[in-house]
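Chain by chain, the residues:
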Amino acid sequence: MNWLKRPLRAIFDRVESMLDAVFGAQHNPLAQLGALGWYLFWLITASGIYLFVFFDTGVTQAYESIESISRDQWWAGGIMRSIHRYASDALVLVAFVHLLREFALDRMRGVRWFAWITGLLLVGFIYVCGITGYWMVWDQLAQYVALTTSRWLDVIPIFAEPISRNFLSNTELSGRFFTLMVYIHIAAPLLMLLFMWVHIQRYNHARVNPTRPLMIATTVAFVALSLLMPALSQAPANLDQLAASVGLDWFYIPLYPLVDTLGGVTLWGLVIGIFVVFAALPWVPPLRRAQPAVVHLDNCNGCARCFADCPFSAITMQPRSDGSGFTEEAVVDPDLCVSCGICVGACPTATPFRRATALVPGIELPESSIADLRERVEKLCAGGPGGPPRILAFRCAHGAAVESVPGADVAVIDVPCTGMVPPSFLDLIVTRRMAAGVLLAGCRESECHQRLGVRWTEARVAAERDPYLRDRVPRDRVAVSWASPAQKSVRARAIRNFATALAGLDPALPRSATGSHAPWRDAARRLARPLRWAIQLLVAVGIGTLIVRYSDSPAITLRGADEAIVTLSFSHAGRLKEECRKLTPEEIARLEPNMRRPRDCPRARWPVYVELELNGKLVYRGEHLPAGIWDDGPSSLFERFAVPAGAQHLTARLRDSERDSGFDFSNTATVELVPGQSLVVGFRASDGFSFR
Amino acid sequence: MASVEWRPEFATGIADVDHEHRELIGWINQTLAAAGDTAGDPGKVGDLLGEVFARISAHFALEEHIMSARRYDQFAEHKRDHEHLLDDIRDIMDDVEAAGGPVEERFSARLSEWFGAQFRTHDARFHQRMPGA
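Criteria and cut-off values
- Residues numbered from 1 in each chain as written.
- Chains lettered and ligands numbered in written order.
- Predicted model: local features only at pLDDT ≥ 70, side-chain atom pairs only at ≥ 80, totals over all residues.
- Heavy atoms only, no water.
- Axes fitted to C-alpha atoms, helices over the stretch in contact; angles between N-to-C directions.
- Helix = DSSP H or I, 4+ residues; strand = E, 2+ residues; numbered from the N terminus.
- Parallel < 35°, antiparallel > 145°, perpendicular 65-115°, else oblique.
- Left-handed = near helix turned anticlockwise from the far one by under 90°.
- Contact = heavy atoms within 4.5 Å.
- Nonpolar A, V, L, I, M, F, W, Y, C, P; charged D, E, K, R; others polar.
- Pairing = 2+ DSSP bridges.
- Domains from an automatic or database assignment.
- Buried area = accessible area lost by both parts, 1.4 Å probe.
- Salt bridge = Lys/Arg side-chain N within 4 Å of Asp/Glu carboxyl O.
- Polar contact = N/O pair within 3.5 Å; in protein donor to acceptor, adjacent residues only side chain to side chain.
- Buried < 20%, exposed > 50% of the residue type's maximum accessible area, 1.4 Å probe, protein only.
- Disulfide = S-S within 2.5 Å.

All names here are of chain A. Running from N to C, helix H2 (residues 33-54) and helix H7 (residues 175-199) cross one another at 155°; their axes reach a closest spacing of 12 Å. Relative to H7, H2 is oriented roughly antiparallel. Judged by the sense of rotation from one axis to the other, the crossing of H2 with H7 is left-handed. Contact residues: H2 offers Trp38, Phe41, Trp42 and Phe52, while H7 offers Val182, Ile186, Pro189, Met192, Leu193, Met196 and Trp197. For the contact of H2 with H7, a count of residues per class yields eleven nonpolar, no polar and no charged.

Take a look at the structure:
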């Protein structure tokens with residue numbers, strides 16, 4: 001899949017770099033799509049609760065109540081309604097970009113399969129919530145959604161009779177079915193919230209809130225959008241008169257036109273096929289995983305620092321198993337461990353100063369031991385003919401390359417993540433003058449590949465999270481540089497500028513830091529503040545325009561300008577194949593005691609055969625089997641035909657008995673159809689065919 | 001050089017902490033003995049100090065984990081004392097590295113102060129404030 005991931009990653013990298021410059025790495029919206037999704041969910045929930053207070057769930061009152069909310073109290077209900085719609089559209093956008101980005105960054109394989117699969121299921125929930133939501137407005141779009149959803153569901157052979165029959169005409173519209181939609185629209189988000197919680201279960205310190213400025217900006221943007229371009233209903237639904245076209249919300253129902261063009265069965269196949277392909281991606285191909293971290297109980301006292309820092313919840317604290325005086329020990333779940341080494345960086349025994357015993361920490365990576373790390377440090381810092389390197393860099397495997405630049409002799413040690421480097425290593429290198437400075441060269445600041453490596457590294461160096469880098473280590477000799485593989489120039493500039501800064505330092509190393517704990521970092525190239533604000537506004541306007549533009553347009557054509565619709569539909573039980581028969585006493589005696597009965601009534605029914613002629617031309621014929629596993633249910637049909645407006649001569653015939661020719665029921669009618677009119681050819685055994 | 005001896009008043013009542021205090025005293029006494037051995041290998045003192053530094057770091061990490069889990073009200077003060085002692089040990093380690101000693105007086109005085117004052121005040125208080133700890 002690399003042929004697809006690489007160009008996608010390059011695109012994301014470029015856009016993310018631009019947004020870093022505009023929003024700052026901390027507030028880059030692209031780096032917090034999951035958290036933004038959570039925030040949008042809360043916005044939708046809050047606005048939905050408000051709308052529900054004023055919403056009338058009656059099928060005939062729903063439209064009027066929504067109109068009243070939107071127009072009579074435009075200053076509150078109208079804004080809430082617009083936020084509800086636009087935030088829902090934004091949620092689809094955020095979910096798909098999130099999905100695409102995780103794919104591009106190859107963050108769905110290995111242990112991340114769980115979040116990927118639950119994320120896919122969440123997309124399904126988003127659609128159920130959105131589609132049932134549109135249903136409730138009961139305008140032309142709701143009518144289209146109701147009819148199309150019903151037809152799509154009707155191809156699944158689990159319903160006794162077609163759901164579509166609920167929407168035959170205004171008079172036959174079922175209020176109870178409508179109420180069911182309201183319940184689904186409330187239950188689905190609750191289930192979705194449960195799945196959102198499950199989605200982040202395997203992530204420690206999962207981010208569920210965007211940064212505060214981003215939350216405020218998002219809310220303000222939605223309020224502004226709601227005032228400038230309020231979301232309004234289309235014309236009220238009218239099942240007796242079909243609109244020629246309807247504006248679609250292309251975020252939620254882009255596939256619905258395919259129900260007509262491809263057919264329900266093919267569309268189900270397509271949707272299930274796409275889901276299966278996406279669900280298989282974490283294993284195509286399977287990720288080659290490094291050996292997981294191992295715990296050495298001789299050096300583990302159960303301090304739980306590794307447990308607190310593991311980004312993937314791979315470590316649990318469990319009762320001690322070695323009979324020592326400690327009560328707990330760290331236990332690694334190899335299925336969840338990504339071998340990032342952040343746990344090693346947190347372990348207090350992973351210090352290079354230990355020499356009286358073998359340097360084996362409480363937890364470490366078998367393929368990248370801490371003793372080996374010390375050995376590599378000592379070897380590189382022993383130096384060549386020119387002495388020790390000016391800069392010793394620990395380079396994250398997912399970050400930009402680190403290379404020597406003129407004037408900066410850089411020795412590089414590759415690590416799975418900068419979070420693997422225990423702060424005491426920096427202490428050793430700087431205070432023992434093994435190099436002039438240390439560079440922690442990680443991946444992109446706004447998006448650490450190992451989730452928390454950048455954050456914990458920064459916090460440890462700043463003495464805000466254990467294990468602290470000791471105060472005595474001068475921070476002007478410890479640098480951080482965060483750059484993705486594509487940000488080569490950012491990395492090179494940081495190295496060059498760090499080397500220059502080191503050259504200007506007093507060679508007499510201070511014994512303790514005086515003042516800031518912040519490490520040296522290259523000043524980020526940021527745009528002037530007014531320019532940043534202007535671009536931020538442009539980004540917001542661009543996204544807002546995209547959402548408004550496709551939330552109810554372009555429209556699709558539902559019928560020709562001079563067309564009417566004829567719907568042939570019935571639910572009718574064919575006659576019984578066998579009449580009831582009185583059992584003889586001998587037959588009754590042969591039955592099991594609990595099965596004895598005076599009469600035998602076989603339940604199977606004859607199929608129902610039906611034909612429809614339009615102006616003497618046969619337009620439909622079909623045999624419909626009884627529903628139910630005993631063939632004892634009704635036979636059902638829902639079929640629609642577009643016909644030219646004007647006078648139409650209709651003949652309907654039906655056979656529901658054992659006869660193999662001729663008909664049991666027949667009726668004809670001549671009707672004058674106006675464009676858009678919906679005529680229902682129905683059938684009841686008591687009344688025969690009706691043309692309404 | 002006087003060694004540090006375990007005394008009943010050092011006990012916090014927390015099995016993990018007391019177990020590790022006893023282990024630490026063993027390491028500290030080894031270091032003090034090496035420091036007092038003028039005929040011995042000066043490098044050995046530095047190595048042992050490194051080991052003591054690692055062990056005390058781990059011990060403090062465990063104590064802080066327990067204090068944090070039990071929401072000990074003087075956690076911040078206790079943590080600050082831990083950091084000061086680790087800074088002092090690191091200073092002593094660098095002095096040994098730079099000059100090869102003598103450090104035993106400073107080391108002994110600092111650790112005796114910690115084991116004495118710390119146990120009598122902070123650790124004892126922690127034990128009292130955390131019934132069943």
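Next comes the rest of the description.
Residues and elements named next belong to chain A. Reading across the sheet, the four strands line up as E16-E15-E18-E19 and stay open at both edges, with antiparallel pairing between neighbours. For this open sheet the edge positions go to strand E16 (617-624) and strand E19 (665-673), each flanked by a neighbour on one side alone. Sheet twist, expressed as the mean angle between neighbouring strand axes with direction ignored, is 15°. Here strand E18 (residues 646-655) runs beside E19; their pairing, made up of nine bridges, is antiparallel. Bridge pairing in E19 links Ala647 to Glu672.

As a further point, take the domain arrangement of chain A. All names here are of chain A. Under the domain assignment used here, chain A contains domain 1 (32-236 + 243-283), domain 2 (294-521) and domain 3 (563-691). Tallying the contact residues gives twelve residues for domain 1 and 20 residues for domain 2. Summed over both sides, the interface between domain 1 and domain 2 buries roughly 1200 Å², with carbon and sulfur atoms accounting for 47% of that surface. Looking only at domain 1, the three residues that lose the most surface to domain 2 are Val111, Asn204 and His205, adding up to 47% of its buried area. Remark: the boundary between domain 1 and domain 2 carries two salt bridges. Between Glu447 and Arg101 there is a salt bridge whose closest N-O contact spans 3.3 Å. Applying the counting rule to domain 1 against domain 2 returns ten residue pairs in polar contact (both at pLDDT 80 or more).

Residues and elements named next belong to chain A. Spatially, four strands are ordered E17-E12-E20-E21 in an open sheet, and the strand pairing comes out mixed. Each edge of the open sheet carries a strand with a single partner, namely strand E17 (635-644) and strand E21 (688-691). Across the sheet, the mean angle separating the axes of adjacent strands is 15° when strand polarity is ignored. Taken together, the four bridges between strand E20 (residues 678-684) and E21 define a ladder with antiparallel strand orientation. Opposite Gly682, over in E21, you have Ser690 as the bridge partner.

Residue-level contacts link 28 residues of chain A with 30 residues of chain B. Between chain A and chain B the total buried area reaches about 2400 Å² when both faces are included, carbon and sulfur atoms providing 48% of it. Interface area lost by chain A to chain B is led by Phe326, Arg432 and Arg470 of chain A, which between them contribute 23%. Here chain A and chain B share ten salt bridges between them. One salt bridge in this structure joins Arg470 of chain A and Asp87 of chain B, with 2.6 Å as the shortest N-O distance. Linking chain A with chain B are 15 residue pairs in polar contact (both at pLDDT 80 or more), by the criterion used here. The residue makeup of the side of chain A that touches chain B, split by class, is seven nonpolar, nine polar and twelve charged.

Residues and elements named next belong to chain A. Position of Asp656 relative to the elements: it lies in the loop between E18 and E19. Asp656 gets classed as buried once you look at its relative accessible area, which sits at 2%. Dropping the residues within four chain positions of it, Asp656 is found in contact with His572, Ala573, Gly574, Arg575, Trp606, Pro607, Val608, Asp664 and Phe665.

All names here are of chain A. The full count for this structure, using the stated rule, is one disulfide over all chains. Paired through a disulfide, Cys580 and Cys601 show a sulfur-sulfur distance of 2.0 Å. Between Cys580 and Cys601 the disulfide shows an S-S torsion of about 120°. By sign, it is right-handed. Remark: Cys601 occurs in the loop between strand E14 (599-600) and strand E15 (608-614) and Cys580 occurs in the loop between strand E12 (563-572) and strand E13 (581-582); sequence separation between them is 21 residues. Look at Cys580 and you get partly exposed, because its relative accessible area is 35%. Cys306 supplies the cysteine sulfur nearest to Cys300, a cysteine that is in no disulfide, at a spacing of 6.2 Å. With no disulfide of its own, Cys337 lies 6.2 Å from the sulfur of Cys343, the closest cysteine sulfur.

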